[in-house]
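Summary of the model geometry
Chain by chain, the residues run as shown.
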Amino acid sequence: MSIFRKIVDMGGKFSNFCAFEIHNKYYKYLFNFELKHFVGANNAISNEYSKQIDEIWKKRYKVKVDKRWFAHFAHCYGVESPLYIPDNIFHSVIEPYFNRDEYVKCMANKNYFDKWLPNVKHVTTIARNIKDVWYDAEFNVLTEEQVVEKLSKYSEFVAKPSRDSGGGAGVEFITEKMDVPKLKKLKDTFVSDFLVQEVFQQHDCLNAIYPHSVNTIRVMTLNWHGKIYVLSALLRMGVNGKRVDNMVRGGVNWAI
């Protein structure tokens, strides 16, 4: 291997460390910092419970954990267990082990969901904006006039960032009649790529629970040697008339 190739490889490893490893280490401290505000986190735990936690995490996995997590979970669920997984350990150790960090950005780009998952039903996309170029749902290039014409058929539509939109950030419900100047103004409100979609109509049973947001069921699964295990399922919904179900926007989660 040439010296130049080695330098390039070292640069790649260093950038990967900066992009992902430091990020994961940051999670270890970020979640523990927020922990002091969690209900029950400052409750005293018994010596026996403390020993059980050490048996699992310190002796078996050689991992130092903040036991306030276990006080918090015991308070919430009414059961003491050393098998609770602290959030900071989950996000900084377990999640990166099972999911390649470097794939996150591309797999989380909403403009390509129907490409990654072609056999899954998706919300109808009216138009996409990628690197300041407009496309239709099938990625055919559109003029601004054509986008305006498409949007004129809707009394309301949703515009959202295609990347970095976690927690409902940047989601806009638009009822204003569009023309080219207004479309340009809409585009300028987004830092990067975004897409425009129909307002989704949820099933009557979910609508009866809370009609103002699209209430979602979020399922976490584990692919272990080809077998899929369902680890948890949550029903998420908005509150107080809000249009999104994200907790950081005031929404609530219900374990199911």
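How each quantity is defined
Residues numbered from 1 in each chain as written. Predicted model: local features only at pLDDT ≥ 70, side-chain atom pairs only at ≥ 80, totals over all residues. Heavy atoms only, no water. Pairing = 2+ DSSP bridges. Helix = DSSP H or I, 4+ residues; strand = E, 2+ residues; numbered from the N terminus. Expected span 1.5 Å × (residues − 1). Buried < 20%, exposed > 50% of the residue type's maximum accessible area, 1.4 Å probe, protein only. Contact = heavy atoms within 4.5 Å. Salt bridge = Lys/Arg side-chain N within 4 Å of Asp/Glu carboxyl O. Axes fitted to C-alpha atoms, helices over the stretch in contact; angles between N-to-C directions. Parallel < 35°, antiparallel > 145°, perpendicular 65-115°, else oblique. Patch = residues over 30% accessible without salt bridge, like charges linked within 9 Å, V, L, I, M, F, W, Y side chains within 5 Å. Areas by Shrake-Rupley, 256 points an atom, 1.4 Å probe, with all protein chains shown as cover. Arc of directions from axis to C-beta.

On to the sheet that holds strand S3 (residues 141–142). Pairing is antiparallel in the open sheet, where 6 strands are placed in the order S3-S2-S1-S6-S4-S5. The open sheet has two edge strands, S3 and strand S5 (172–174), and neither has a second partner. The pairing of strand S1 (residues 125–130) with strand S2 (residues 133–135) spans 3 bridges and is antiparallel. Opposite Arg128, over in S2, you have Tyr135 as the bridge partner.

This part takes up helix H2 (residues 47–60). With 14 residues, H2 should reach 20 Å at 1.5 Å per residue; the first-to-last C-alpha distance of 19 Å fits that figure. Every buried residue of H2 is accounted for by Tyr49, Ser50, Ile53, Asp54, Ile56 and Trp57. Its buried side turned inward, H2 meets helix H3 (68–77) and helix H4 (87–98).

Moving on to the pattern of salt bridges. Tallied over the full model, the rule gives 10 salt bridges. One salt bridge connects Glu55 with Lys59, and the closest N-O pair in it is separated by 2.9 Å. Of the two residues, Glu55 and Lys59 both sit in helix H2, 4 residues apart, roughly one turn of that helix. Assessed through its relative accessible area of 51%, Lys59 is described here as exposed. Of the charged contacts in the structure, one is a salt bridge between Glu176 and Lys182, with a shortest N-O distance of 3.3 Å. Members of the salt-bridge network, linked through shared partners, are Asp132, Lys187 and Asp188.

The next subject is the pairing of strand S8 (residues 227–237). Of the pairings in the sheet, the one linking strand S7 (residues 216–224) to S8 comprises 9 bridges and is antiparallel in character. Each bridged residue has a counterpart across the sheet, and for Met220 the counterpart in S8 is Ser232. If you look at the hairpin formed by S7 and S8, you'll find 2 residues sitting between the two strands, and His225 has a positive phi there, around 55°. As judged from the 4 bridges shared by S8 and strand S9 (residues 252–255), these two strands associate in the antiparallel manner. The partner of Leu234 across the bridge, within S9, is Ala255.

This brings us to the packing of helix H7 (residues 144–151) against helix H8 (residues 180–188). Closest axis-to-axis distance for the H7/H8 pair is 9 Å, and the angle between their directions is 95°. As far as their axial angle goes, H8 and H7 are roughly perpendicular. On H8, the residues that touch Glu144, Glu145, Val147, Val148 and Leu151 of H7 are Val180, Leu183 and Lys184.

Taken together, the side chains of Tyr97, Phe98, Met220, Trp224, Tyr229 and Leu231 present a nonpolar region at the surface, about 650 Å² in accessible area. When contributions to the nonpolar patch are tallied by element, the ones reaching two or more residues are H4, S7 and S8. Inspection of the secondary structure puts Leu231 in strand S8.

Quick look at the sheet that holds S8 now. The antiparallel open sheet is built from 3 strands, whose spatial order is S7-S8-S9. The sheet terminates laterally at S7 and S9, the two strands that pair on one side only. Sheet twist, expressed as the mean angle between neighbouring strand axes with direction ignored, is 30°.

Spanning 12 residues, H4 covers 15 Å between terminal C-alpha atoms, matching the ideal 16 Å at 1.5 Å per step. Considered for burial, the residues of H4 that qualify are Asn88, Ile89, Ser92 and Pro96. With its buried residues spanning 125° around the axis, H4 presents them on a single face.

Another aspect to go through is the environment of Val252. Looking at the secondary structure, you find Val252 in strand S9. According to the relative accessible area criterion, Val252 is partly exposed, its value standing at 35%. Residues Val252 and Leu235, 17 residues apart in the sequence, show an inter-C-alpha distance of 8.3 Å. Once you skip the residues sitting within four places of it in the chain, Val252 turns out to touch Leu235, Arg236, Met237, Val239 and Asp245.

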